[in-house]
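If you want the building blocks of each chain, they are given just below.
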Amino acid sequence: MPQLVDLHTHSTASDGSLPPREVVRLAKARGLTALALTDHDTIAGLAEAVAAGAELGLEIIPGVEISARHPRGSMHILGYFLDWHSPLLAQRLAVLQQARADRNPQIIAKLNALGIPLTLAQVEAVSGGGQVGRPHIARALWEAGYVASIQEAFDVYLGNDGKAYVSKFRFPPAEAIAMIREAGGVAVLAHPFTLHPADPGELRSVLAELAGLGLAGVECYYPEHTPEQEALYLALARELNLAVSGGSDFHGDNKPEVELGRVSIQAKLTYDLVAGLKARRAALRAAPG
Ligand code: AMP
Ligand code: FE
Ligand code: FE
Ligand code: ZN
């Protein structure tokens, strides 16, 4: 029996619905061997996850998922094996957390101007106490009956073309990768299709550029990848000498179609991926820069 892992998950520290310890407990119950907690722009859940992993006997890979600047689509960069005590990492992430804190009231103000009297307090009530993001605003809109579904909230109001959309500050990819590496971590491009590349050649050049900036891997296995996309990403990883990663992007009830340990690609998420990423980490630490 191969040892199964999941290298992309979210908790209430960002926009997942389960607290970090519950994500770890569920992963253990579902028979996983290793789990990376990769909350959006925050490492606030890592201490709890690592402690729960030690208690329950599950390897926890301290991670993060950083939104980086890209001309279109969205670029998310995963960081693994972080030194989560790094003051520099905390400082850099605080910039992103401030950007969110500034943006959320602006979104609420736009909704109010559209005749929807939603308050920040209502949004914070559904966030589980962690960082507040658009999925929480979507959920609050749905719970208050202003939309028929979370998806409608994004389609009409919160998506990048929505009526209440507000953009927020993002670091350029070079800085996102640098902050991960400065914390001793390994940087991996998440779900490459969200870059909306025009063709495989364009994706190849973006990946080559990121590799030049210190990117160490690509998330090839992901529930929303088509078989063609998966094959392309694996081929590009091989060609550009990048490690292969994969994960479910578990968000609990905030993304109910993704069940931890039970996604279609789960059989491909084996401990080999962790071993490959650890080899990159060892190489980086031996020859930094
Ligand atoms: P934020 O980090 O606050 O900008 O919110 C980003 C999160 O919102 C992403 O991680 C997704 O989980 C979710 N999201 C963004 N766009 C959409 C969309 N069009 N439909 C559904 N969920 C979305
Ligand atoms: Fe999310
Ligand atoms: Fe993502
Ligand atoms: Zn994610």
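It should be emphasised that the depicted structure is a prediction, and the values quoted were computed from it without experimental measurement. (Residues numbered from 1 in each chain as written. Chains lettered and ligands numbered in written order. Predicted model: local features only at pLDDT ≥ 70, side-chain atom pairs only at ≥ 80, totals over all residues. Heavy atoms only, no water.)

How would you sum up the site of ligand 1? Please name residues and give values.
Around ligand 1, the neighbouring residues are Asp-15, His-40, Arg-100, Arg-103, Gly-133, Arg-134, Pro-135, Gln-151, Phe-154, Lys-168 and His-251. In this structure, an oxygen atom belonging to ligand 1 sits 2.9 Å away from a side-chain N or O atom of Arg-100. A distance of 2.8 Å is found between an oxygen atom of ligand 1 and a backbone nitrogen or oxygen belonging to Arg-134. In the complex, 71% of the free accessible area of ligand 1, which totals 500 Å², lies under the protein chains. (Near = heavy atom within 4 Å. Polar contact = N/O pair within 3.5 Å; in protein donor to acceptor, adjacent residues only side chain to side chain. Areas by Shrake-Rupley, 256 points an atom, 1.4 Å probe, with all protein chains shown as cover.)

Kindly report on the domain arrangement of the protein chain, identifying the contributing residues and their values.
What the domain assignment lists for the protein chain is domain 1 (5–85 + 172–286) and domain 2 (94–158). For domain 1 and domain 2, the distance between their C-alpha centroids amounts to 26 Å. Tallying the contact residues gives 10 residues for domain 1 and 10 residues for domain 2. When domain 1 packs against domain 2, the two sides together hide about 810 Å² of surface, and 43% of this comes from carbon and sulfur. (Domains from an automatic or database assignment. Contact = heavy atoms within 4.5 Å. Buried area = accessible area lost by both parts, 1.4 Å probe.)

Outline the pairing of strand S1 (residues 5–9), supporting the account with residue identities and numerical values.
Burial analysis of S1 places 5 of its 5 residues in the buried class, the great majority of the element. One ladder, built from 3 bridges, connects S1 with strand S2 (residues 34–37); its direction is parallel. Paired with Val-5 across the strands is Ala-34, a residue of S2. (Buried < 20%, exposed > 50% of the residue type's maximum accessible area, 1.4 Å probe, protein only. Helix = DSSP H or I, 4+ residues; strand = E, 2+ residues; numbered from the N terminus. Pairing = 2+ DSSP bridges.)

Give me the lowdown on the pattern of salt bridges, citing residues and values where you can.
Using the criterion set out here, one finds 13 salt bridges in the structure. For the salt bridge of Arg-92 with Glu-175, the shortest nitrogen-to-oxygen distance reads 2.4 Å. Highlighted residues: Arg-92 in helix H3 (residues 87–113) and Glu-175 in helix H7 (residues 173–182), separated in sequence by 83 residues. On the basis of relative accessibility, which here comes to 25%, the residue Arg-92 falls in the partly exposed class. Overall, the relative accessible area of 30% leaves Glu-175 in the partly exposed class. Notably, a salt bridge pairs Glu-239 with Arg-204, separated by 2.5 Å at the nearest N-O pair. Separated by 35 residues along the polypeptide, Glu-239 in helix H9 (residues 227–239) and Arg-204 in helix H8 (residues 200–212) bring together distant segments of the chain. The partly exposed category is assigned to Arg-204, whose relative accessible area is 34%. What emerges from the salt-bridge pattern is a single network uniting Arg-30, Glu-259 and Arg-262. (Salt bridge = Lys/Arg side-chain N within 4 Å of Asp/Glu carboxyl O.)

Describe the sheet that holds strand S5 (residues 75–80), and please don't skip the residues or the numbers.
Pairing in this open sheet of 5 strands is mixed, and the strands run S4-S5-S6-S7-S8 from one edge to the other. The sheet terminates laterally at strand S4 (64–68) and strand S8 (243–246), the two strands that pair on one side only. Averaged over all adjacent pairs, the angle separating strand axes in this sheet is 40 degrees, with direction ignored. Looking at chain direction, S4 and S5 are connected through 5 bridges and run antiparallel. Within S5, the position partnered with Glu-65 by the bridge is Leu-78. (Axes fitted to C-alpha atoms, helices over the stretch in contact; angles between N-to-C directions.)

Account for the coordination of the iron ion (ligand 2), naming residues and giving values.
Within the protein, the atoms that donate to the iron ion (ligand 2) are Asp-15 (OD), His-40 (NE2) and His-251 (NE2), at distances of 2.1 to 2.2 Å. Coordination at the iron ion (ligand 2) is irregular: its 4 donor atoms span angles of 83 to 142 degrees at the metal. When the donors of the iron ion (ligand 2) are listed by position in the chain, the intervening gaps give D-x24-H-x210-H. (Donors = N, O, S within 2.8 Å, 3.2 Å for Na, K, Ca; no water. Tetrahedral: all angles 85-135°; square planar, octahedral: opposite > 155°, others 65-115°.)

Residue-level account of the coordination of the zinc ion (ligand 4), with values.
Distances from the zinc ion (ligand 4) to its protein donors, His-8 (NE2), His-10 (NE2), Glu-65 (OE) and Asp-249 (OD), fall at 2.1 to 2.2 Å. Here the zinc ion (ligand 4) binds 4 donor atoms, and the angle range of 82 to 170 degrees at the metal identifies the geometry as irregular. Read in sequence order, the donor residues coordinating the zinc ion (ligand 4) give the pattern H-x1-H-x54-E-x183-D. In this model, the zinc ion (ligand 4) sits 4.8 Å from the iron ion (ligand 2). Of this pair, His-10 sits in the loop between S1 and helix H1 (20–29) while Asp-249 is found in the loop between S8 and helix H10 (271–286), placing the two residues 239 residues apart along the sequence. Among the residues examined, His-10 registers a relative accessible area of 0% and is labelled buried.

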